[in-house]
Amino acid sequence: MIKTLVWQCNVPGPTSEHISIECSTKNVKEFASKVGADYLYTQDIYVNAKQYQFARPETYEKLRLLWDDNFLKYDYVLYVDTDVMFTEKADNEIFKLPIKHLAMRKLEHGKNRSKRRDVSKNYNKEKASLLLEDKAAPTNKVKSIEYFYERGIDLDQIAAFMGIGNGDEVWKIYQDLLKKKKAASISGIKEHFSVYGLSPTDTNIQWYNTGVMLWTRAGIEAARECFMPLSKHKVSRTFTLASDETYTNAMIMLNPNFICEELPTVWHYSRKNGPPPDEIKCIHYLGNTRNWITSENAYGS
């Protein structure tokens, strides 16, 4: 009989006291019980990446299993962030996926989004408007989309709030900003990989999101063997995603014998992509959509 663990961690950081954490941990613990897995919630500092002066040292605690031998007693370890919720359709099939070392959702930075669907139909406008409520915002559509974008609001949330769709008067501005955002993201990733002598092209950049990670025991052991010590990890200081993802993705790129496979979308669906389809089993409330966890409360009890 395989032994499985569902694990979350929450250490001091920018979102460590967010109201959504209580909902997520309760939901994830119930999922673990439902599928017969152990549940672990850690809050202590174990990895202590702060000593290496990384930009977001708290995120490296998600890699605790690379040093903590307590994880080696499990055949599978499923790590999920505290902004993740399982739906009622979630089951133990995730522990039956034929993976060798590790599975995560791949972010496709090189894809052209100019033909994306009408985003105004894929968001709850009422919730989006609550996130974007700002009395100082311009009433002019052209000025307001730039106003929100400059303040770090997700472009798709802006589109939902403003009701932007194909053919709209500000659709071109929206697309131009998307291209600008994508170019900045690709540039940052390429810069990060360049410090290791890696040169991926715009279209073959592989970047995995560490918000949901399915590890096998063999994967943990393999990573311990081939991943470099954190003390030698070269982080691009200008890269905005200077977190555990920079380290994990660099190690995957540097070690071709370490196999990272793509986690099916049903097991890692970003809420930024709109309301989840019926088949989705696990939802990641990334960025500002984290605020929707408590209000939606559609999953778990």
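Residues numbered from 1 in each chain as written. Predicted model: local features only at pLDDT ≥ 70, side-chain atom pairs only at ≥ 80, totals over all residues. Heavy atoms only, no water.

## As for the side chain of His-284
This is how it is decided: In this text, helices come from DSSP runs of H or I with a minimum length of four residues, and strands from runs of E with a minimum of two, each type numbered from the N-terminal end. Throughout, exposure labels follow a simple rule: accessible area from a 1.4 Å probe, protein chains only, divided by the maximum for the residue type, with under 20% read as buried, over 50% as exposed, and the rest as partly exposed. Here a polar contact is recorded for every N or O atom pair within 3.5 Å, except that within protein the pair must consist of a potential hydrogen donor and a potential acceptor, and residues adjacent in sequence are included only if both atoms are side-chain atoms. In this description, contact between two residues means that some pair of their heavy atoms is separated by no more than 4.5 Å.
Note on placement: His-284 falls in strand E9 (residues 282-284). With relative accessibility at 1%, the residue His-284 sits in the buried group. A distance of 2.8 Å separates polar atoms of two side chains, one belonging to His-284 and the other to His-268. Filtering out sequence-adjacent residues up to four positions away, His-284 remains in contact with Asp-81, Asp-83, Val-84, Asn-209, Gly-211, His-268, Tyr-269, Ser-270 and Arg-271.

## Looking at the confidence of the model for the chain
What counts, and what does not: One confidence number per residue, pLDDT, is output by the predictor and ranges from 0 to 100.
Of the residues in the chain, 69% have a pLDDT of 70 or more, and the chain-wide mean is 79. Mean pLDDT across the elements of the chain bottoms out in helix H2 (residues 125-131) (49) and peaks in strand E3 (residues 76-80) (98). With pLDDT under 50 throughout, residues 109-128 is counted as low confidence; its partners more than four residues away or in other chains account for 55 contacts.

## Focus: the sheet that holds E3
The strands making up a sheet associate through hydrogen bonds between their backbones, and the pairing can be parallel or antiparallel. Put simply, the rule reads: Note on pairing: DSSP must find at least two bridges between two strands before they are called paired. Axis geometry follows a simple rule: fit a line to the C-alpha atoms, using only the stretch in contact for helices, then measure angles between N-to-C directions, giving values from 0 to 180 degrees.
The strand order across the open sheet formed by six strands is E2-E1-E3-E6-E5-E7, and the pairing between neighbours is mixed. Looking at strand neighbours, the two that pair on one side only are strand E2 (38-42) and strand E7 (260-262), the edges of this open sheet. Going across the sheet, the axis of each strand differs from the next one's by a mean of 30 degrees, ignoring polarity. Sheet topology places strand E1 (residues 4-9) next to E3; four bridges connect them, and they run parallel. Residue pairing in the sheet places Leu-5 in a bridge with Val-77 of E3. Contacts between helix H1 (residues 20-35) and the sheet are confined to E1, E2 and E3, with E2 contributing the most and set at about 155 degrees to the helix.

## Observations concerning the sheet that holds strand E8 (residues 269-270)
The strand order E4-E9-E8 describes an open sheet built from three strands, whose pairing is mixed. Two strands close off the open sheet at either side, each with one partner strand: strand E4 (84-86) and E8.

## Thoughts on the side chain of Asn-255
Residue position: Asn-255 is located in the loop between helix H7 (244-254) and E7. At 3.5 Å, the side chain of Asn-255 and the backbone oxygen of Cys-226 are in polar contact. Those residues in contact with Asn-255, other than ones at most four positions away along the chain, are Cys-226 and Phe-227.

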